[in-house]
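What follows is the residue order along each chain.
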Amino acid sequence: MAIKFKQNADRGWALLALGLAGLTFGAPAAAQNAPGVSAGNDDILMDDIVVTATKKAAGERVQDVASSITAFGADQLEALQFRNLESLAYSAPNVQLDDIGSIKGTANFTIRGIGVNSSVPSIEPAVATVIDGVYLGTNNGTIIDTNDIESIEVLRGPQGVLFGRNVTGGAVVLRTRRPSGNFGGAAKVNVESGLRGTGANMILSGALEAPIIQDLLAFRVAGYFNDDNGYFRNPDLDRNVGKSRSWFLRPTLTFKPVAGFEITFIGEHGESRGDGPVNSNPGGSVQAPAFGSRSGFTGRSEIEYNSAVVEANLDVGDNGGRITNIFGYRDYDVMVAADNDGAPAANFHIGSFIRQHQYSNELRYAVKIADRIDFVTGVYLFKQGIDYQSIDQLFFANRIGQGGGLQHQKSWGVFANADVEILDGLTIGVGGRYSEDRKRVSIAPRNFTAAPPCTFLSGCLSYAFNDKAKFSSFTPRVSLKYEFSDDIQAYGLYSRGVRAGGYNLRVASLAVPPGPFDDEVANSFELGFKGRLFDRRLQLNLAAFTNKIEGVQREQSAVTANGVQTVIGNAGDIRVEGFEAEASLRLAPGLVLRGSLGYADGHYLEVIADLNGDGAVNALDKSLKIPRLSPWTYSTGLYFDTEMGRAGTFKAHVNLDHRDGSPFVDSNATFLPVVDQLSAGVGFEPRVVPGLKLSLYGRNLLDDRGLGANASLAILPTGGNFQTPQKGRVFGIEAAYSF
């Protein structure tokens, strides 16, 4: 089966025309409604949302922020059947929130063409994931099932000042719901299926909150359970594959001992067990079906994690000052066994084990001075440990290779930012951050033998490479914003972000040094416009950008006769330029049209690495396209609700998301396909049972085949490709009740 990279011309232009016609996607999010009360689509998609990403004392409306942000509120996330960050993979322009698929829950996020393309845990994220103010230190374990989310903010461009560790691509900021101090709750049941032999997927989720001591102590507990019987069919094993069972529990407590002082504790424990990655090898001698597998080994995936957040807020002074301290802890374990060739007979199996733990603490002070200056400053500390082990079982060559590594990391940073209104409507912002990272590693190159001296994970790896390195950086930020009115602003922004250098914990031999490689440095210029026009019937956000990334870090992986070979290092300099447009238009009471359009063009300015593997560094390497950079992304959607007399409220939506294809590997030998995701749904809220909502919905109704990974297996006897498919067409029913 050929991978669809060049889209069908007629279909592509028709969909693009539809996207342009509906260029009304909004920075959509809304304030929350009282329990049991549903807002209309006008409210959900057109109301203001106060974002936390700028870390100002009183927050800031997304329409007032001088940078490109897409925000999703709780109501909209519910409409999207949000379950994890991959649910939003196609929902914002120039943003890709994909799971690579080779190790469950591992993010390969890309924003404006800058991202990661590997599952090796020592690689720093290019796109930060921040949950309840806590930065996640690896890409592994980022895409986990969740619910009871208050908001998600997607920030484009380098985030070098305010977000814990430095990043070059952008940030995804999640905030879970906090106790309101009132008694209430919600419960929801979803049942999904592809209706063609695919297994049923059942999701149970809910939350309960109540005061423990009125106005002093309150709790909220959220829970989630998912029993997925496997979407993909394996005709050789006569069973569905991709099965998993996941659950988590998240208790939250708020304590308000005195006026102006609040402490919030958030704990979470989660587990997931099931089949290993689904390899749908469509070529060679395997010829797996598009949404199926012929693997003779289903593999195994086991995940367990714990996290704790303690956030303290103290109001100080008479000018709205606030001191905030956020302590975070997380430990995460994953073990994966997988069939890498995808054939009925055993040719090449792999296993991976990752154990990660981290501590972080951020102390900051934010204040509004003389109603003209928003000032925030703080200090950030981060400590992380990683244990990574892998095994490649080359049955066709009677060889087994084991390797891995340990990494210990300490980081700290100090930051400050001030937005000063120098004239009425004219605000200049200046900020900066100094960061320092120290990393110490012990690495065991893979030792291939016919009979290894010990079993996987028995602790007998020989760490032949030991090293340490220090990385430091200063990252400034300057913005200029002019507000023509309360509803219209234009801005310019310069920002720098740094992805710290480091080491490769997955090396085949020390002939290719595992590091240290240097920092990746991104300098970005952005011009933007945000407005509410025509009596606030239209919300329109525009941004144009140019990014230069120096010392771009690339993860070159290939399947060879010695297993999966991964080389990580600085590949050269690239430039990415483009634009985003987002908007929401109220066509009539209860009827909202949304759309977005994103474009990104990237190319190498200089190359210092052999990207295509021909043994030379030359113009052929420089001409290669950048992996996971999709030139065009667009979306359009129509949302409708109406009162049906005394019966209740009817809601409906239809939405189309498009993403161009892109190279998967640096050599451009394989590609990720063009994907058009069509979703639709209808819902009814009967007036006789306040708080009850019944829904029918469908996702990926065009049955497009998206991929998380696509690597060549030409070296193996089976041939073909290692492909991790995303689910095709899915239909679902939902019953939700809130009180």
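Residues numbered from 1 in each chain as written. Predicted model: local features only at pLDDT ≥ 70, side-chain atom pairs only at ≥ 80, totals over all residues. Heavy atoms only, no water.

**Student:** Help me understand the overall build of the chain, please; the structure alone is not making it clear to me.
**Tutor:** When you go through the chain residue by residue, the secondary structure sums to 4 helices and 38 strands. Along the first, second and third principal axes, the C-alpha set of the chain runs to 70 × 55 × 55 Å. Across the 739 residues in the chain, those meeting the buried criterion constitute 60%. Nonlocal contacts in the chain, meaning residues at least 24 apart in sequence, comprise 69% of its contacts between residues at least 6 apart. Counting only carbon and sulfur atoms, one obtains 60% of the accessible surface of the chain, whose full area is about 27000 Å². Counting 68 positive and 78 negative side-chain charges, the chain places the centres of these two groups 2 Å from one another. (Helix = DSSP H or I, 4+ residues; strand = E, 2+ residues; numbered from the N terminus. Buried < 20%, exposed > 50% of the residue type's maximum accessible area, 1.4 Å probe, protein only. Contact = heavy atoms within 4.5 Å. Areas by Shrake-Rupley, 256 points an atom, 1.4 Å probe, with all protein chains shown as cover. Lys, Arg positive; Asp, Glu negative; His and termini not counted. Charge placed at Lys NZ, Arg CZ, Asp CG, Glu CD.)

**Student:** What is the right way to read the nonpolar core from this model?
**Tutor:** What tends to happen in soluble globular proteins is that the nonpolar side chains get buried as a cluster. Membership of the largest hydrophobic core comes to 59 residues, with the highest contact counts inside it found for Ile574 and Val576. For this core, the element with the most residues is strand E28 (residues 563-588), which contributes 5 residues. For valine 576, the residues in contact, after removing those within four places along its chain, are Arg112, Ile114, Phe545, Thr546, Asn547, Ile549, Ala600, Asp601, Gly602, Ile626 and Leu629. Membership of the second largest hydrophobic core comes to 20 residues, among which are Ile69, Ala71, Ala128 and Phe382. (Core = buried A, V, L, I, M, F, W, Y, C linked by side-chain atoms within 4.5 Å.)

**Student:** Explain the sheet that holds strand E4 (residues 95-96) here, please?
**Tutor:** Strand pairing within a sheet occurs via backbone hydrogen bonds; the two strands may be parallel or antiparallel. Spatially, E4-E5-E6 is the arrangement adopted by the 3 strands of the open sheet, whose pairing is antiparallel. Because the sheet does not close on itself, it has two edges, and the strands there are E4 and strand E6 (114-115). (Pairing = 2+ DSSP bridges.)

**Student:** What am I meant to see in a nonpolar patch on the surface here?
**Tutor:** A cluster of nonpolar side chains, namely Val189, Val191, Met202, Leu204, Val682, Leu696 and Ile733, defines an oily patch on the protein surface of about 510 Å² accessible area. Where the nonpolar patch is concerned, the elements lending two or more residues are strand E11 (184-193) and strand E12 (201-213). Relative to the assigned elements, valine 191 resides in strand E11. Judged by relative accessible area, valine 191 falls into the partly exposed class, the value being 35%. (Patch = residues over 30% accessible without salt bridge, like charges linked within 9 Å, V, L, I, M, F, W, Y side chains within 5 Å. Salt bridge = Lys/Arg side-chain N within 4 Å of Asp/Glu carboxyl O.)

Such coordinate-based values are descriptive only and should not be taken to indicate function.
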